[in-house]
Amino acid sequence: METAHPAERISGAAAAGSRHALMSVRGLGIRFKTAQGIWQATRKIDFDIAPGERVGIVGESGCGKTITGLSILRLLPNNLSGLDGSIMFDGVDLASCSTRTMRGIRGRRIAMIFQEPMSALDPVFTVGHQIAETLRVHTNVSKDEARAQTIDMLRRVGIASPERRIDEYPHQLSGGMRQRVMIAAALICGPQLLIADEPTTALDVTVQAQILDLLRNLSETSKTALMLITHDLGVVAETCTRMITMYAGEVIEDATVDAALVRPLHPYTSGLLRSLPHLSPRLGRLPSIPGRVPSIAEMPDGCRFRARCPHAIAGCEAEQELLDAGEGRKVRCWRFRELDLPGALQHAASAPIAGRVVRQ
Amino acid sequence: MPMAGDSKAEPIVSVRDLEVGFQTMDRRATVKAVDGVSFDVRRGETFGIIGESGSGKTTIGRALVFLLKPTAGTILHNGVDPQALPRKQFQSHRRDYQIIFQDPNAALNPRMTIISSVLEPLELAGAGTKAERLARAQDAMERVGLPQELGERYPHQLSGGQKQRVIIARALTLRPKLIVCDEVVAALDMSIRGDVLNLFAELQRDLGLTYVFITHDLSVVSHISDRIAVMYLGRFVELGPTESVSGRPLHPYTQALLSAEPLPLPSTMRSDRRIILQGEMPSPIDPPSGCRFRTRCQYAQSVCAEQTPAWRELEPDHWVACHFADRPNFSPS
Ligand SMILES: Nc1ncnc2c1ncn2[C@@H]1O[C@H](COP(=O)(O)OP(=O)(O)OP(=O)(O)O)[C@@H](O)[C@H]1O
Ligand SMILES: Nc1ncnc2c1ncn2[C@@H]1O[C@H](COP(=O)(O)OP(=O)(O)O)[C@@H](O)[C@H]1O
Ligand code: SF4
Ligand code: SF4
Ligand SMILES: [Mg+2]
Ligand SMILES: [Mg+2]
């Protein structure tokens, strides 16, 4: 799945980003070749991740979360037509570095886990073999040492009797254990950044709670930064400190989780909170955001949320930038200062969740 | 097991002492995926089933639409055993009882365009003229929020959520009486999830549909269902009206499920008193004796290992299987 050197680059990559960031993404855009022509899937993506920080990337299906994650490791599908912008990781631009440099980073300094652990694990090898392999590819530890480290890692991700489990095959493990194995394989080389794409979506809530707890604790103790891709705002609230909301291939809001939930600055973020079943009266119509994400072919100029936004006025058709909203917040809506949008607190007051919140 | 959910009207589905067993891969043991479950699905209701993966939800769902043969027990549709029908009648009967599966990748043919996939069941059923079928397929796509131009694409060119919508559109084209929805909104993002849930509710109102809604998402099941059954290791542990089950859960497992749900709330509003269950559900090959939840239950006593808790109606229409569910102050809330 390795994608070669970016086929074509438009912009001359914007500024290098924050000096304290572990990773600075600037002006990232991804284009695919499709039967309908060139498909600009994402554009002008800017964000930073600080060392050890836990950032949630949320947004509707198709908004570009997965491909943004994949682009960091240059694992985009073959019909990629071009990658714009820069992805500065510890002084290296991952968007343009050599394949060789990328190999040294992928799996070792930046690791990724996916929703379906079964598809990422090879059914013919034991779990121990798969984890130890990662280690042996990137470091020159002995076989015995790799095995010892693997057992230790399996224990750290909460697998009971790892001495026995290490010799089992993926099909002998439950879904939760497979995801733990994937996490162990991802963390065995001590990466600085872990990209987790919907890591708990296939799991039950009780196991999800364990895995999210695990990711949070591992990230805290090992200072591994976490980029958690999810469509579940609850998962972000439980796990992350910062939340980046994407819409139609762009970042539209970037704030701490608490700030975004309490006082969202973008009408889309506020609308999302409103549409959650947790925050709505039971059996009633769920307030959804009217309309749908515009397709690439009919993408409007200016604010891409315009056709669905209850606050749209003349001027919104002008090109929107990711604006600095102060206190480390960013928002892609030029009206953010004058709008006073409801957040989770206001919505929760009228919902069944209210009873559960008060009880605590 | 006494009947749960009696009602005056003939239930659209009536399940008694259902057991479904599978041979393990090495053929040395039998897994009882469903081990003695009884319930009725009332016409026009949404019957929610929640539980961990492997608890037997999908197996119940497949048995309900006769994709699987029960090992023991009975399943009646409108008081009739469909398996007793002549073959041809059985086939057309099955069209009224649809199931939508959880894995959109497995359900879509990678070499078929989206619109052909949506059209397929209509063509197999030979419904209407070609133009009518196309109109119905396009209408279904529109209803689930898929732009028409995606019709010419192939599954791999769609995002996960887009594929799930295609599956829903496809089942809707046949206008069934009952749909078993197995994790159908799991892969959907929030704003469209609301739309799809509204859509299910709308179709239910307009067409009198009945749903069996299988999901692990508590917020979804409590929003859409009239009643909720909580499943653990092949059995129901609790069944009752949604308000009671989600508002005043009687079973320790239900209580743990509710508390494990990640809430989209700021830190100041979140509680630290979560019950994080240890481990996972034991294997159904060798389930624990007595109460099957006892290996993870914080209230387990010795009697829990010795006796299977009875299925009791502790409140009107609210059933539970736990020795101690009727003790005051038992619930942690
Ligand atoms: N190989 C491809 N060719 C053409 N378009 C693609 C390709 N892969 C993805 N896309 C498009 O790019 C956009 C972003 O896709 P991506 O998979 O990143 O979405 P996502 O935000 O992860 O969605 P989900 O929540 O459904 O996983 C979508 O419009 C999708 O249809
Ligand atoms: N075709 C099959 N062959 C063998 N075992 C199966 C089969 N289908 C399901 N099972 C087993 O039955 C149990 C219940 O599975 P399932 O109904 O899919 O659970 P759920 O839908 O609640 O996740 C699991 O232990 C599963 O492994
Ligand atoms: S720029 Fe205008 S249309 Fe866009 S989100 Fe802000 S108010 Fe709405
Ligand atoms: S019967 Fe015993 S083990 Fe089972 S749920 Fe009740 S208290 Fe827990
Ligand atoms: Mg994705
Ligand atoms: Mg299932």
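Above this text you will find the structure in question.
Residues numbered from 1 in each chain as written. Chains lettered and ligands numbered in written order. Predicted model: local features only at pLDDT ≥ 70, side-chain atom pairs only at ≥ 80, totals over all residues. Heavy atoms only, no water.

1. Quick word on the overall build of chain B
Argument step 1. When you go through chain B residue by residue, the secondary structure sums to 11 helices and 11 strands.
Argument step 2. Projected onto the principal axes, the alpha-carbon positions of chain B cover approximately 65 × 55 × 45 Å.
Argument step 3. The buried share among the 333 residues of chain B stands at 57%.
Argument step 4. Look at the contacts in chain B between residues 6 or more apart in sequence, and 64% of them connect residues 24 or more apart.
Argument step 5. Chain B carries 38 positive and 38 negative side-chain charges, and their two centres are separated by 4 Å. (Helix = DSSP H or I, 4+ residues; strand = E, 2+ residues; numbered from the N terminus. Buried < 20%, exposed > 50% of the residue type's maximum accessible area, 1.4 Å probe, protein only. Contact = heavy atoms within 4.5 Å. Lys, Arg positive; Asp, Glu negative; His and termini not counted. Charge placed at Lys NZ, Arg CZ, Asp CG, Glu CD.)

2. Overview of the sheet that holds strand S8 (residues 225-229) of chain A
Within a sheet, neighbouring strands are paired by backbone hydrogen bonds and run either parallel or antiparallel to one another.
Residues and elements named next belong to chain A.
Argument step 1. Strand order across the open sheet formed by eight strands is S6-S7-S8-S3-S9-S10-S12-S11, with mixed pairing between neighbours. In the strand order of this sheet, the two ends are held by strand S6 (110-113) and strand S11 (323-326), each with one partner. Adjacent strand axes in the sheet meet at a mean angle of 20° when their direction is disregarded.
Argument step 2. The sheet contact formed by strand S10 (residues 250-256) and strand S12 (residues 329-331) spans two bridges and is antiparallel. Note that in S12 the partner of aspartate 254 across the bridge is lysine 330.
Argument step 3. Across the sheet, helix H1 (residues 65-72) touches strand S3 (54-59), S6, strand S7 (193-197), S8 and strand S9 (242-247), and the angle it forms with S8 is around 145°. (Pairing = 2+ DSSP bridges. Axes fitted to C-alpha atoms, helices over the stretch in contact; angles between N-to-C directions.)

3. Brief notes about the site of ligand 4
Argument step 1. Around ligand 4, a shell composed of His251(B), Pro252(B), Cys291(B), Phe293(B), Arg294(B), Cys297(B), Tyr299(B), Ala300(B), Cys304(B), Cys322(B), His323(B) and Phe324(B) is seen.
Argument step 2. Considering only residue class, the shell around ligand 4 consists of nine nonpolar, two polar and one charged. (Near = heavy atom within 4 Å. Nonpolar A, V, L, I, M, F, W, Y, C, P; charged D, E, K, R; others polar.)

4. Considering the site of ligand 1
Argument step 1. Around ligand 1 sit 20 residues, and of these Ser61(A), Gly62(A), Lys65(A), Thr66(A) and Asn79(A) come closest.
Argument step 2. Contact between ligand 1 and Ile67(A): an oxygen atom at 2.9 Å from a main-chain N or O atom of the residue.
Argument step 3. When isolated, ligand 1 has an accessible area of 640 Å², and the protein chains bury 89% of it.
Argument step 4. Of all the elements in the fold, those that place two or more residues in the shell around ligand 1 are strand S1 (23-34), strand S2 (37-49) and H1 of chain A together with helix H6 (160-172) of chain B.
Argument step 5. Split into classes, the residues belonging to the shell around ligand 1 amount to six nonpolar, 11 polar and three charged. (Polar contact = N/O pair within 3.5 Å; in protein donor to acceptor, adjacent residues only side chain to side chain. Areas by Shrake-Rupley, 256 points an atom, 1.4 Å probe, with all protein chains shown as cover.)

5. Focus on the interface of chain B and chain A
Think of interface size as the accessible area that goes away when the parts come together; that is how it is often given.
Argument step 1. Counting residues at the interface gives 58 residues for chain B and 58 residues for chain A.
Argument step 2. Around 5,100 Å² of area is buried between chain B and chain A when both sides are counted, 54% of it from carbon and sulfur atoms.
Argument step 3. Among the residues of chain B in contact with chain A, Met190(B), His223(B) and Pro264(B) are the three that bury the most area, contributing 16% of the side total.
Argument step 4. Inspection of the chain B/chain A interface yields zero salt bridges.
Argument step 5. Here chain B is connected to chain A by six residue pairs in polar contact (both at pLDDT 80 or more).
Argument step 6. For the side of chain B that touches chain A, the secondary-structure elements that each account for two or more residues are H6, helix H7 (190-207), helix H8 (218-224), helix H9 (242-247) and helix H10 (252-260) of chain B.
Argument step 7. Examining the composition of the side of chain B that touches chain A, we find that nine residues originate from one element, H7(B), more than from any other.
Argument step 8. Its residues placed into classes, the side of chain B that touches chain A shows 21 nonpolar, 21 polar and 16 charged. (Buried area = accessible area lost by both parts, 1.4 Å probe. Salt bridge = Lys/Arg side-chain N within 4 Å of Asp/Glu carboxyl O.)

6. Details of the side chain of Ser222(B)
Argument step 1. Looking at where Ser222(B) falls in the secondary structure, it is placed in helix H8.
Argument step 2. Among the polar contacts listed, one links the side chain of Ser222(B) to the backbone oxygen of Leu218(B), at a separation of 2.3 Å.

7. Quick look at the packing of aromatic side chains
Residues and elements named next belong to chain B.
Argument step 1. Here the structure, examined in full by the defined rule, presents 12 aromatic pairs over all chains.
Argument step 2. Relative to phenylalanine 236, the ring of phenylalanine 39 lies with its centre 5.3 Å away and its plane at 40°, an arrangement referred to as tilted. Taken together, the residues span a long stretch of sequence, with phenylalanine 39 in strand S2 (residues 30-41) and phenylalanine 236 in strand S9 (residues 235-241) at a distance of 197 residues.
Argument step 3. On the basis of relative accessibility, which here comes to 2%, the residue phenylalanine 236 falls in the buried class.
Argument step 4. Ring centres 5.1 Å apart and planes at 85° place the aromatic pair tyrosine 232 and phenylalanine 293 in the edge-to-face group. Here phenylalanine 293 lies in the loop between H10 and helix H11 (302-306) and tyrosine 232 lies in strand S8 (residues 227-232), a separation of 61 residues in the sequence.
Argument step 5. By relative accessible area, which is 1% here, tyrosine 232 ends up buried.
Argument step 6. Taking relative accessible area as the criterion, phenylalanine 293 reaches 2% and is therefore assigned buried. (Phe/Tyr/Trp six-rings, centres within 6.5 Å; stacked < 30°, edge-to-face > 60°.)

8. Re helix H8 (residues 205-222) of chain A
Structural remark: α-helix, 3.6 residues per turn; residues separated by three or four positions point the same way.
All names here are of chain A.
Argument step 1. Spanning 18 residues, H8 covers 25 Å between terminal C-alpha atoms, matching the ideal 26 Å at 1.5 Å per step.
Argument step 2. Most of H8 sits out of view: 13 of its 18 residues are buried.
Argument step 3. Immediately beyond the C-terminal end of H8, within one or two residues, lies lysine 223, with a positive phi of roughly 60°. (Expected span 1.5 Å × (residues − 1).)

9. Here's the deal with the packing of helix H4 (residues 114-125) of chain B against helix H5 (residues 130-143) of chain B
Residue and element names in this part refer to chain B.
Argument step 1. Following both chains from N to C, one finds H4 and H5 inclined at 120°, their axes separated by 9 Å at the closest point. With respect to H5, the axis of H4 lies oblique. You can see that H4 and H5 cross each other, and the crossing is right-handed. Residue-level contacts link Ile114, Ile115, Val118, Leu119, Leu122 and Glu123 of H4 to Arg133, Leu134, Arg136, Ala137, Gln138 and Met141 of H5. (Parallel < 35°, antiparallel > 145°, perpendicular 65-115°, else oblique. Left-handed = near helix turned anticlockwise from the far one by under 90°.)

10. Some points on the environment of Trp319(B)
Argument step 1. Its location among the elements puts Trp319(B) in strand S11 (residues 318-320).
Argument step 2. The class for Trp319(B) is buried, based on a relative accessible area of 8%.

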